[in-house]
2 protein chains.
Amino acid sequence: MKDTTIPKATAKRLPLYYRYLKFLFDSGKKKVSSTELSEAVKVDSATIRRDFSYFGELGKRGYGYDVESLMTFFAKTLNEDRLTNVALVGVGNLGHALLNYRFHQSDSIRISAAFDVKPDIVGRILDGVPIYDANDMVEQIRAQHIDVAILTVPPAHAQENADRLVEAGIKGIMNFTPIRINVPKDVQIQNVDLTNEMQTLIYFLSNYKED
Amino acid sequence: MKDTTIPKATAKRLPLYYRYLKFLFDSGKKKVSSTELSEAVKVDSATIRRDFSYFGELGKRGYGYDVESLMTFFAKTLNEDRLTNVALVGVGNLGHALLNYRFHQSDSIRISAAFDVKPDIVGRILDGVPIYDANDMVEQIRAQHIDVAILTVPPAHAQENADRLVEAGIKGIMNFTPIRINVPKDVQIQNVDLTNEMQTLIYFLSNYKED
């Protein structure tokens, strides 16, 4: 890893900050204090100040932050100012729901191609997204210069499809399968394991009771 | 918080360990080393040993862990040995996909009631799950003794529905909306924000390049 001093935990909070700043900006607000920000995004204000400190002087203590300049800064940091095209592999129930998913009004993320093997949907356009044959994955992803993919295939097909995505030049995979896929070091994986999340929640219910 | 010494990060890895142990058990394996476990779940073996140490003596170093007893132990810890009924609120695209979601062969998690406001689906059974009128939420959840809910409503309705769930006695909410909902301290929230996950992934692509 190079050229960075920002911890992963900080990076994960940036979209949260950004979305709230955008909301404030859209409602015409000019200034926001770290306390207000803290209450809205449910991150303690010491953490917010530390997170912001990685990006240099973003505001003066006691005067609050300037909403517009902070929003613009985070937009650039998050690449919100340019479009990221995303491929989706596996148009089952969850995959299909994600084709419809609007990524919360983010107009910078767009699923531009989907892949499947089912003859009844290949070659069609579903919810505005063309469904290509999985055999054309490498060719299409290269042609469309896509470097991020969502993987929503059945577990048994997770690794083979990840391999194809890597072959096509994909650099980031949002993995909805329960499989921990193997990829080269320069490919980032974001695992979204809904069973894990649910089991963890249930575990916390039984084991982290407050009195 | 009381009666616990297990860090949240450890708790989040338990479902991962459990699933792999179940896989090994189903394939007839008797023993597993922390190195094998480490490679399969992609968690370094020092972390695995530290995680396991919170649960006392689970295996002898150098001899590996007994697959069956470890699996049984984690099953109990994760309440996998009893059924958890879950309510789903908001049967839109994502909510509907989750009705179909099999929580990866976990037969201990079951969506047993769903709620919506749309007249064309209320009163019907979709994918085996009855869809009740949102106005009957408090009554049904109490009657069915449900204490975990999945929230997949539009953002503008997130807080009001969370309030109803709390009123109904829900103790854990898996929140798929981008809203950071307010709940009493004894209610656990697990936020699953897909836009956040995607933005974080895209951020990492641009900022964490290896050379």
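Residues numbered from 1 in each chain as written. Chains lettered and ligands numbered in written order. Predicted model: local features only at pLDDT ≥ 70, side-chain atom pairs only at ≥ 80, totals over all residues. Heavy atoms only, no water.

Colleague: It is not clear to me how the side chain of Gln 140 of chain B should be interpreted in this structure. Could you clarify?
Modeller: Tracing the backbone through its elements, the reader meets Gln 140 of chain B in helix H6 (residues 137-143). In this structure Gln 140 of chain B touches Phe 115 and Tyr 132 of chain B, once residues within four positions along its chain are discounted. (Helix = DSSP H or I, 4+ residues; strand = E, 2+ residues; numbered from the N terminus. Contact = heavy atoms within 4.5 Å.)

Colleague: I tried to follow the sheet that holds strand E8 (residues 148-151) of chain A on my own but got confused; where do I start?
Modeller: Strands in a sheet are paired, the pairing made by backbone hydrogen bonds, and the direction either parallel or antiparallel. Pairing within the open sheet is mixed, and its seven strands lie in the order E6-E7-E5-E4-E8-E9-E10 (chain A). On the outer flanks of this sheet lie strand E6 (125-126) and strand E10 (188-191) of chain A, each paired with one strand and no other. (Pairing = 2+ DSSP bridges.)

Colleague: Would you mind going over the interface of chain B and chain A with me for this structure?
Modeller: Interface extent is often summarised as the accessible area lost during association of the parts. If you look at the interface, chain B gives 70 residues, while chain A gives 69 residues. For the chain B and chain A pair, buried surface summed over both sides reaches about 6,500 Å², with 62% attributable to carbon and sulfur atoms. Taken together, the links from chain B to chain A amount to two salt bridges. Among the salt bridges present, the one from Arg 19 of chain A reaches Asp 193 of chain B, with a minimum N-O distance of 3.1 Å. Our count for the contact surface shared by chain B and chain A stands at nine residue pairs in polar contact (both at pLDDT 80 or more). Of all the secondary-structure elements, those providing two or more residues to the side of chain B that touches chain A are helix H1 (8-26), helix H2 (34-41), strand E4 (84-89), helix H5 (93-100), strand E8 (148-151), strand E9 (172-175), strand E10 (188-191) and helix H8 (194-207) of chain B. Taken together, the residues of the side of chain B that touches chain A break down into 35 nonpolar, 18 polar and 17 charged. (Buried area = accessible area lost by both parts, 1.4 Å probe. Salt bridge = Lys/Arg side-chain N within 4 Å of Asp/Glu carboxyl O. Polar contact = N/O pair within 3.5 Å; in protein donor to acceptor, adjacent residues only side chain to side chain. Nonpolar A, V, L, I, M, F, W, Y, C, P; charged D, E, K, R; others polar.)

Colleague: How should I be thinking about the relation of the copies chain B and chain A in this particular structure?
Modeller: The relation between the two chain copies is a rotation about an axis coupled with a shift along that axis. Once chain B is rotated about the relating axis by 180 degrees and shifted along it by 0.0 Å, it coincides with chain A to within an RMSD of 0.0 Å. The two molecules are tied by a two-fold rotation axis, judged by turn and shift. Looking at the rotation axis and the C-alpha trace of chain B, the residue lying nearest is Ala 97 of chain B, at 3.1 Å. Interface overlap between copies: 99% of the residues of chain B at the interface are likewise at the interface in chain A, consistent with a symmetric, same-surface contact. (Least-squares fit on C-alpha atoms with pLDDT ≥ 70 in both.)

Colleague: Which parts of the structure should I look at to understand the packing of aromatic side chains?
Modeller: Each pair of aromatic rings is reported with the distance of its centres and the angle of its planes. Residues and elements named next belong to chain A. All told, the structure shown has 20 aromatic pairs over all chains when counted by the stated rule. Centroid distance Tyr 17 to Phe 52: 5.1 Å. Interplanar angle 90 degrees. Geometry classified as edge-to-face. Pair noted here: Tyr 17 is in helix H1 (residues 8-26) and Phe 52 is in helix H3 (residues 45-53), with a separation of 35 residues, a long-range link. Like Phe 52, Tyr 17 is buried. Pairing Tyr 17 with Phe 74 gives two aromatic rings, centres 6.1 Å apart and planes at 40 degrees, and the pair type is tilted. In this pair, Tyr 17 is assigned in helix H1 and Phe 74 in helix H4 (residues 67-77), connecting sequence segments 57 residues apart. (Phe/Tyr/Trp six-rings, centres within 6.5 Å; stacked < 30°, edge-to-face > 60°. Buried < 20%, exposed > 50% of the residue type's maximum accessible area, 1.4 Å probe, protein only.)

Colleague: Help me understand helix H4 (residues 67-77) of chain B in this model?
Modeller: Every α-helical turn comprises 3.6 residues, leaving residues that sit three or four positions apart pointing alike. If you check which residues of H4 of chain B are buried, you get Val 67, Leu 70, Met 71, Phe 74, Ala 75 and Thr 77 of chain B. Buried positions in H4 of chain B, seen along its axis, are confined to an arc of 160 degrees and lie on one side of it. Close packing links the buried residues of H4 of chain B with helix H8 (194-207) of chain A together with H1, strand E1 (31-32), helix H3 (45-53) and strand E3 (64-66) of chain B. Following H4 of chain B by one or two positions, Asn 79 of chain B has its phi on the positive side, about 60 degrees. (Arc of directions from axis to C-beta.)

Colleague: What exactly am I supposed to notice about the domain arrangement of chain A here?
Modeller: Taken domain by domain, chain A consists of domain 1 (8-77) and domain 2 (84-196). Centre-to-centre, using C-alpha coordinates, domain 1 of chain A lies 31 Å away from domain 2 of chain A. (Domains from an automatic or database assignment.)

Colleague: How do you make sense of H3 of chain A when you look at a structure like this?
Modeller: Residue and element names in this part refer to chain A. Within H3, burial applies to Thr 47, Ile 48, Asp 51 and Phe 52. On an axial view of H3, the arc spanned by its buried residues comes to 130 degrees, and they lie on one face. In this fold, the buried residues of H3 make contact with H1, helix H2 (34-41), strand E3 (64-66) and H4.

Colleague: I'm lost on the pattern of salt bridges in this one. Help?
Modeller: Between side chains of opposite charge, a pair can form as their charged atoms come close. The final tally for this structure, using the stated rule, is 14 salt bridges over all chains. Between Arg 180 of chain A and Asp 193 of chain A there is a salt bridge, with the nearest N and O atoms lying 3.9 Å from each other. Within this pair, whereas Arg 180 of chain A is found in the loop between strand E9 (172-175) and E10, its partner Asp 193 of chain A is found in the loop between E10 and H8, the two being separated by 13 residues in sequence. Of the two residues, Arg 180 of chain A and Asp 193 of chain A, both sit in the buried class. Linking Lys 22 of chain B and Asp 26 of chain B is a salt bridge whose minimum nitrogen-to-oxygen distance equals 3.7 Å. You can see Lys 22 of chain B and its partner Asp 26 of chain B sitting in helix H1, four residues apart, about one turn around the helix. By relative accessible area, which is 31% here, Lys 22 of chain B ends up partly exposed. Residues joined by salt bridges that share partners form a network here, namely Arg 19 of chain A together with Arg 180 and Asp 193 of chain B.

Colleague: Before we go on, may I ask you to explain the packing of H8 of chain A against H1 of chain B in this structure?
Modeller: The angle between the axes and the distance between the axes are what describe a pair of packed helices. The geometry of H8 of chain A relative to H1 of chain B is characterised by a closest axis approach of 9 Å and an angle of 125 degrees between their N-to-C directions. If you check the angle between H8 of chain A and H1 of chain B, you find them oblique. As H8 of chain A packs across H1 of chain B, the resulting crossing turns out to be right-handed. Counting all contacts with H8 of chain A, which are made through Thr 195, Asn 196, Gln 199, Thr 200, Tyr 203 and Phe 204 of chain A, the residues of H1 of chain B involved are Lys 8, Ala 11, Lys 12, Leu 14, Pro 15, Leu 16, Tyr 18 and Arg 19 of chain B. Residues that form the contact of H8 of chain A with H1 of chain B fall into these classes: seven nonpolar, four polar and three charged. (Axes fitted to C-alpha atoms, helices over the stretch in contact; angles between N-to-C directions. Parallel < 35°, antiparallel > 145°, perpendicular 65-115°, else oblique. Left-handed = near helix turned anticlockwise from the far one by under 90°.)

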